[in-house]
Amino acid sequence: MLIANPIYDIAFKFLMEDIDLARRFLSVIINENIIELEVEPQEFVEQSDKMQLTLLRLDFKATILLADNSRKIALLELQKSKKPYDVIRFRRYLAKNYAHREPVQKVLTSGETKTAFKDPLPIITIYFFGFDLVGIDTPAMKVNREYYDLINQKVIQQKHAYIEQLTHDCFIIQIERLPDVARTKLGKALSVFNQNYIIDDGRILSVDERRMDDELQKAIANRLSLILDDDKMLKKMIVEDEYESAYEDQVRAVQEKQEQLQEKQEQLQEKQEQLKEKQEQLDKQQEMLNEQKEKLEAQERLIEELKKRLNNEAD
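These figures come from a predicted structure and were not determined experimentally. (Residues numbered from 1 in each chain as written. Predicted model: local features only at pLDDT ≥ 70, side-chain atom pairs only at ≥ 80, totals over all residues. Heavy atoms only, no water.)

J.: It is not clear to me how the sheet that holds strand 15 (residues 204-206) should be interpreted in this structure. Could you clarify?
T.: Sheets are built from strands paired through backbone hydrogen bonds, the pairs being either parallel or antiparallel. Strand order in the open sheet made by the three strands is 1-15-14, with antiparallel pairing throughout. Pairing within the sheet leaves two strands with one partner each, and these edge strands are strand 1 (2-4) and strand 14 (198-199). Two elements, strand 1 and strand 15, share three bridges in a ladder whose sense is antiparallel. Bridging from a neighbouring strand, Ile-3 pairs with Leu-205 of strand 15. (Pairing = 2+ DSSP bridges. Helix = DSSP H or I, 4+ residues; strand = E, 2+ residues; numbered from the N terminus.)

What follows is the structure in structure tokens.
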């Protein structure tokens, strides 16, 4: 089966626009039962008017059914990056979500309305990395939080809403480390991201439909296969390639200028050190000349004194 490569923002966004499919996919990633999923307003960055492309971040508001049948609502923040230089963008988005409070309109007894704000939601971040984290071999991991009593040296089981709003769990998917054979439900769901299946120009993956024995895996693959019949979507993927290439060229150009500037600064510093050394040599020579001059002047005074003595004796 041929499918669009979901490492592309266009394909990834199209995949997650199927809310029920996104709900099932995200449930598998965080290993919790998401019973309701709402799309939050999306924030975009890195917009290029010339190329008409915008890189994206996806936010969802999830209602999660817990083991005790209680419910919690959390903000799921998805971000995807092919390159590691996006870490500042990750931090900036996370800061915005921490600062975000949802406004609500309250009706007063007088009949007037007043804008109030809901308490901020707990945040769960999910990162899809198209690059390797050196030293961490797993394709999927969770950076988990726990409450730990430092006095009694034990884990605290009770959770508190205030603390939940200050901290967050984090899930990281390393796309480049996905194995050829997936055995777990999560591994099978993520297998459609496996870049070992790339064909042609990298925008298309060829996956073995005969090895798909998981319903969610098949649903994700079928969703991504629809893009190949949409010329507009395929053109957007081409534009995304052009944008990435232009951005990388720009990064390389900046790096080259920085290297050139660094080289010039080093050359200038070397010249300054050479000038300083020469100046020190000149200063030493000047000191030597001054010492010789003082010695000559002392000798001249001595000679003059001897002459006076001789003249006095002659008289």
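J.: Mind showing me how you'd approach a negative patch on the surface here?
T.: On the surface, Glu-277, Glu-280, Asp-283, Glu-287, Glu-291, Glu-294, Glu-297, Glu-300 and Glu-304 cluster together to form a negatively charged patch. Residue placement: Glu-300 occurs in helix 7 (residues 231-314). (Patch = residues over 30% accessible without salt bridge, like charges linked within 9 Å, V, L, I, M, F, W, Y side chains within 5 Å. Areas by Shrake-Rupley, 256 points an atom, 1.4 Å probe, with all protein chains shown as cover. Salt bridge = Lys/Arg side-chain N within 4 Å of Asp/Glu carboxyl O. Lys, Arg positive; Asp, Glu negative; His and termini not counted. Charge placed at Lys NZ, Arg CZ, Asp CG, Glu CD.)

J.: Hey, could you run me through the pairing of strand 9 (residues 123-129) in this one?
T.: A regular strand carries its side chains on alternate faces of the sheet. The buried count for strand 9 comes to seven of seven residues, which makes it a mostly enclosed element. The sheet contact formed by strand 6 (residues 71-81) and strand 9 spans seven bridges and is parallel. Bridged to Gln-79 within strand 9 is Tyr-127. Where strand 9 lies against strand 13 (residues 168-174), seven bridges are found, and the strand directions are parallel. In the strand pairing of strand 13, Thr-125 is matched with Cys-170. (Buried < 20%, exposed > 50% of the residue type's maximum accessible area, 1.4 Å probe, protein only.)

J.: How should the environment of Asp-68 be read in this particular structure?
T.: Mapped onto the fold, Asp-68 is located in the loop between strand 5 (58-65) and strand 6. A relative accessible area of 58% means that Asp-68 is categorised as exposed.

J.: Whenever I open this one, the pattern of salt bridges confuses me. Can you help?
T.: Pairing of side chains with opposite charge becomes possible as their charged atoms draw close. In this structure the tally under the stated criterion is 17 salt bridges. As a salt-bridge pair, Glu-215 and Arg-24 come within 3.9 Å of each other at their nearest N and O atoms. Taken together, the residues Glu-215 in helix 6 (residues 215-225) and Arg-24 in helix 2 (residues 19-30) connect sequence positions 191 residues apart. The shortest N-O distance in the salt bridge between Lys-72 and Glu-32 comes to 3.6 Å. Taken together, the positions of Lys-72 in strand 6 and Glu-32 in the loop between helix 2 and strand 2 (33-39) put the pair 40 residues apart, joining distant regions of the chain. Assessed through its relative accessible area of 31%, Lys-72 is described here as partly exposed. One salt-bridge network, held together by shared partners, links Asp-132, Asp-137 and Arg-177.

J.: Looking at this model, I keep getting lost on unusual backbone geometry. Mind explaining?
T.: Note on backbone geometry: most residues besides glycine have negative phi, and most peptide bonds are trans. Not every positive phi belongs to a glycine, and Asn-31 is a case in point at roughly 60°. Secondary-structure assignment places Asn-31 in the loop between helix 2 and strand 2. The exposure class of Asn-31 is exposed, given its relative accessible area of 68%. In this structure, Gln-153 takes a positive phi of about 55° despite not being glycine. Its place among the elements puts Gln-153 in the loop between strand 11 (147-149) and strand 12 (154-156).

J.: For this particular structure, what's the right way to read the side chain of Lys-188?
T.: In this fold, Lys-188 is placed in helix 5 (residues 185-190). Taking relative accessible area as the criterion, Lys-188 reaches 15% and is therefore assigned buried. In terms of polar contacts, Lys-188 uses its side chain to reach the side chain of Asp-213, at 2.9 Å. The contact partners of Lys-188, leaving out residues within four places of it in the chain, are Ala-182, Arg-183, Asp-213, Asp-214 and Gln-217. (Polar contact = N/O pair within 3.5 Å; in protein donor to acceptor, adjacent residues only side chain to side chain. Contact = heavy atoms within 4.5 Å.)

J.: Would you mind going over the packing of aromatic side chains with me for this structure?
T.: What characterises a pair of aromatic rings is the spacing of the ring centres plus the angle enclosed by the ring planes. Counting across every chain of the model gives seven aromatic pairs. Between the aromatic rings of Phe-25 and Phe-128, the centroid separation amounts to 6.3 Å while the plane-to-plane angle is 35°, which identifies the pairing as tilted. Of this pair, Phe-25 sits in helix 2 while Phe-128 sits in strand 9, placing them 103 residues apart in sequence. Taken as a pair, Phe-25 and Phe-128 share a single burial class, namely buried. Put simply, the rings of Phe-12, Phe-25, Phe-128 and Phe-193 pair up and form one aromatic cluster. Above the ring of Tyr-147, the side-chain terminus of Lys-159 is found at 4.6 Å from the ring centroid. Residue placement shows Arg-223 over the ring face of Phe-14; its charged tip is 3.8 Å from the ring centre. (Phe/Tyr/Trp six-rings, centres within 6.5 Å; stacked < 30°, edge-to-face > 60°. Lys NZ or Arg CZ within 6 Å of the ring centre and 35° of its normal.)

J.: Teacher, can you tell me more about the sheet that holds strand 10 (residues 140-143) here?
T.: Spatially, six strands are ordered 2-5-6-9-13-10 in an open sheet, and the strand pairing comes out mixed. The strands lining the two open edges of the sheet, one partner per strand, are strand 2 and strand 10. Each strand of the sheet is rotated relative to its neighbour by a mean of 25°, with strand direction disregarded. Pairing analysis gives six bridges linking strand 2 to strand 5, with the strands arranged antiparallel. Within strand 5, the residue paired with Asn-33 across the bridge is Leu-65. Taken strand by strand, helix 2 contacts strand 2, strand 5, strand 6, strand 9 and strand 13, and its axis lies near 130° from that of strand 2. (Axes fitted to C-alpha atoms, helices over the stretch in contact; angles between N-to-C directions.)

Just distances and angles here, no functional claims.
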